[in-house]
Amino acid sequence: MPGTIIVGLDGSTESLAAAEWAAREAALRNAVVELVQVWEPVPEPMAQAPLLGAETQQHWTARVPREAANGLRLRHPGVEITAAQRSGAPATNLLEAAREAELLVLGSRALSGITGFLIGSVGQAVAARAEVPVILVRAGEQAADEHVADPAGIPSAATAFRPVVLGLDTRSPDETVIGFAFEEARRRQAPLTVLQGWYLPSSYAYSLAAGYDPSEDIARAQAAVLAEALRPWREKYPDVEVTEVSRLGSPADQLVDASRDASLVVVGRRIRRSPVGVHIGAVTHAVMHHATAPVAVVAHS
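Quick caveat: nothing in here was measured; it's all calculated off a predicted structure. (Residues numbered from 1 in each chain as written. Predicted model: local features only at pLDDT ≥ 70, side-chain atom pairs only at ≥ 80, totals over all residues. Heavy atoms only, no water.)

(A) Molecular detail of the packing of aromatic side chains. Counted by the stated rule, this structure contains 3 aromatic pairs. Pairing Phe182 with Trp233 gives two aromatic rings, centres 5.9 Å apart and planes at 25 degrees, and the pair type is stacked. Here Trp233 lies in helix α8 (residues 215-236) and Phe182 lies in helix α6 (residues 175-188), a separation of 51 residues in the sequence. Here Phe182 matches Trp233 in class, with each residue buried. Where Trp233 meets Tyr237, the ring centres are 6.4 Å apart and the plane angle is 15 degrees; that geometry is what we call stacked. For the pair Trp233 and Tyr237, a shared accessibility class is recorded, and that class is buried. Across the ring face of Phe161, the terminal group of Arg188 is positioned such that the distance to the ring centre comes to 5.5 Å. (Phe/Tyr/Trp six-rings, centres within 6.5 Å; stacked < 30°, edge-to-face > 60°. Helix = DSSP H or I, 4+ residues; strand = E, 2+ residues; numbered from the N terminus. Buried < 20%, exposed > 50% of the residue type's maximum accessible area, 1.4 Å probe, protein only. Lys NZ or Arg CZ within 6 Å of the ring centre and 35° of its normal.)

In structure tokens form, the structure reads like this:
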């Protein structure tokens, strides 16, 4: 039985871009796409207005997933597309819809300058609580953006995929996150870049004062740890071309820089059972808001 990719749809340009991404991913996975539009009933006083009654609002909002589904079927004839409408709190409904899904795909809106991308309260809550991978897709994202340019330098969806980029914390490498990244690279027949950023220890200044600069030794040790973490995965996926990048500096900044030439950026999020607050690590939070490629947030225990 094929798996399902859930898309949170509200008719915005970012959610429509998310739906297009989901259809392309479904073709790679032989999966079904389900567009989910969550209808929030209007307050009772507003519902009494003759042109804004609850039934009228639900009728018009039902057009969003139906029309989007029809368009996707035309553009992606080999992918099964379904549409559903739910009523209530958007985050709760999307999490419920995605409980048995392979992926949950959401859109994010670009902001000006260095501000990055606006995930929104719903997307933030869903990314922090979902136990399936959540993919965040930017408004205007197109298939050609995820592929290398053709020989003439023209964007094309017919060329090879750009690399998949994985941000890996070698202090606690998680198999779920690593496996997801390798699988996405395999599906795309794309290279995989695994990146770790690290900082010099607090003892570094004392070593310099003693006349010894340990930075090269630290760099070699960090690279060796990364290589060892990936060794079994290289053996499991011999057809995936892997590039290991271990650099001094902010992991978030390095991942955001790498996203400019990536088809997908994969980061992890630790599952926390506390019912209070939003729990997203600092690196993942920064990548969600500033990476220019689609971002996969993979929950792990």
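The discussion continues.
(B) Representation of the nonpolar core in the model. Membership of the largest hydrophobic core comes to 44 residues, with the highest contact counts inside it found for Leu35, Val105, Leu166, Phe182, Leu192 and Val266. Setting aside chain neighbours within four positions, we find Phe182 in contact with Leu192, Leu230, Trp233, Arg234, Tyr237, Val240 and Val242. One finds Leu95, Ala101, Ala127 and Leu255 within the second-largest nonpolar core, a separate group that totals 34 residues. (Core = buried A, V, L, I, M, F, W, Y, C linked by side-chain atoms within 4.5 Å. Contact = heavy atoms within 4.5 Å.)

(C) Fine view of the packing of helix α9 (residues 251-259) against helix α10 (residues 282-290). At a minimum axis separation of 9 Å, α9 and α10 run at an interaxial angle of 30 degrees. Judged by the inter-axis angle, α9 sits roughly parallel to α10. In terms of crossing hand, the pair formed by α9 and α10 is right-handed. Of α10, the residues touching α9 (which contributes Pro251, Ala252, Leu255 and Val256) are Val283, Ala286, Val287 and His290. Considered class by class, the residues forming the contact of α9 with α10 number 7 nonpolar, 1 polar and no charged. (Axes fitted to C-alpha atoms, helices over the stretch in contact; angles between N-to-C directions. Parallel < 35°, antiparallel > 145°, perpendicular 65-115°, else oblique. Left-handed = near helix turned anticlockwise from the far one by under 90°. Nonpolar A, V, L, I, M, F, W, Y, C, P; charged D, E, K, R; others polar.)

That's the geometry; what it means functionally is another story.
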